[in-house]
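Chains, contacts and geometry: an overview
Next come the chains, spelled out residue by residue.
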Amino acid sequence: MNIRKASFVVAFAAVLGFASLASAQSGSSWGASFDVTPHWETMSLLNKFLNGDNRLEGREVKVGLVRGRIRGGDWGVALVRQEVNDSSYQRERRGSSSSCRGSSNSMICVNKANDSELYFNDAFLLGVEFHKYVPFVAIAKRVQIGINFGGGAMLPKGSAEKHLITTQTITQNGEVIDSSQSRTTEVITAEEAFKDILGLSVIPTGRVEAVVGIIVTEHVKVKAGGGVNFPGQHKFTVGATYLF
């Protein structure tokens, strides 16, 4: 068993431990949750710390086990599947060089640039995330306003194409007299692609979201919200919790 699989085993063991402790809570019930994020994209703040031009986007689905109260908060653990659209990419300048020779009347320069491009194919992130929903305002015993905290880890799945591009330009006295480009392409795993982009093969997750909850019945609560997320910023998330 490798380290990544062992980490997930430990995570599920922790869930069972928490569940045993929580079973003694008065008034709390077990339940199930389902959440959908129609669109997520790379955090603009995160892009400032990454090399090159990055655009990662997709949608997210979570299915989980929760424990809580219909008119209170809840905590739980969920299986998360975060899709990475094929339109996602990373482009980066890996290096450049320039050499010149000749006189001031006839200066010839050879300029080389090395670039890399990553494009994803049927890729997604799969993992486990814990959450804690804390309501702090109740309106007419039907509407809640609160904050959802969460964190976990995901593994990249799928593949990506990595393009290595070398561009050579020859100029004479500043005017281009010749230009050529060569490109090599290889298929790599999504894990390798994310390691290129984020420097990590296991992706940590985190979220702090403002949430509005609507109590539909004594067993069903619908939630909607958004906030700060890592690694992808969620503009809007909607879901439902059913307590048995």
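Before reading on, note that the structure itself is shown above.
These notes cover the structure that comes with them.

Reading the values: the criteria
Residues numbered from 1 in each chain as written. Predicted model: local features only at pLDDT ≥ 70, side-chain atom pairs only at ≥ 80, totals over all residues. Heavy atoms only, no water. Buried < 20%, exposed > 50% of the residue type's maximum accessible area, 1.4 Å probe, protein only. Helix = DSSP H or I, 4+ residues; strand = E, 2+ residues; numbered from the N terminus. Arc of directions from axis to C-beta. Pairing = 2+ DSSP bridges. Patch = residues over 30% accessible without salt bridge, like charges linked within 9 Å, V, L, I, M, F, W, Y side chains within 5 Å. Areas by Shrake-Rupley, 256 points an atom, 1.4 Å probe, with all protein chains shown as cover. Salt bridge = Lys/Arg side-chain N within 4 Å of Asp/Glu carboxyl O. Phe/Tyr/Trp six-rings, centres within 6.5 Å; stacked < 30°, edge-to-face > 60°. Contact = heavy atoms within 4.5 Å.

Once that is clear, we can look at helix α3 (residues 190–198). All buried positions along α3 are accounted for by A190, A193, F194, I197 and L198. Take α3 and look down its axis: the buried residues cluster within an arc of 105°, on one side only. G199 lies just past α3 and shows a positive phi near 80°.

On to the pairing of strand β12 (residues 237–243). Only one face of β12 is covered, namely the one carrying T237, G239, T241 and L243; the face carrying V238, A240 and Y242 has none of its residues buried. Pairing analysis gives six bridges linking strand β1 (residues 29–42) to β12, with the strands arranged antiparallel. In the strand pairing of β12, F34 is matched with A240. Pairing of strand β10 (residues 220–230) with β12 involves six bridges; the strand directions are antiparallel. Bridge pairing in β12 links G225 to T237.

Below, the discussion takes up a nonpolar patch on the surface. A cluster of nonpolar side chains, namely F136, V137, I139, I145, V212, I214, V216, V222, F236 and V238, defines an oily patch on the protein surface of about 780 Å² accessible area. Put simply, the parts of the chain that give the nonpolar patch at least two residues each are β6 (107–139) and β9 (203–215). Checked against the element boundaries, V216 lands in the loop between β9 and β10. Residue classification places V216 among the partly exposed positions, given a relative accessible area of 47%.

Within the structure shown, the criterion is met by three aromatic pairs. Their ring planes at 70° and their centres at 6.1 Å tell us that W30 and W75 sit as a pair that is edge-to-face. Separated by 45 residues along the polypeptide, W30 in strand β1 and W75 in strand β4 (residues 74–84) bring together distant segments of the chain. Using a relative accessible area of 17% as the deciding quantity, one classes W75 as buried. Measuring from ring centre to ring centre gives 5.6 Å for Y242 and F244, while their planes differ by 65°; the resulting arrangement is edge-to-face.

A few words on the environment of V143. Considering the arrangement of structural elements, one finds V143 in strand β7 (residues 143–172). Overall, the relative accessible area of 27% leaves V143 in the partly exposed class. Taking the C-alpha atoms as reference points, V143 and R71, separated by 72 residues in sequence, lie 9.0 Å from one another. If we skip the residues at most four places from it in the chain, V143 touches V137, A138, V212 and G213.

Here we come to unusual backbone geometry. Excluding glycine, residues mostly have negative phi values, and the peptide bonds linking residues are mostly trans. Put simply, F230 and P231 share a cis peptide bond, and its omega is 5°. Counting through the fold element by element, P231 comes out in the loop between β10 and β11 (232–234). A positive phi angle is found at K141, which is not glycine, with a value near 60°. In this structure, N173 is a non-glycine residue whose phi angle is positive, near 55°. As for its placement among the helices and strands, N173 is situated in the loop between β7 and β8 (175–189).

Looking at the secondary structure, you find Q90 in strand β5 (residues 89–102). When neighbours within four sequence positions are excluded, Q90 is seen to be in contact with N51, D53, N54, S116, E117, L118, D196 and I197.

That's the geometry; what it means functionally is another story.
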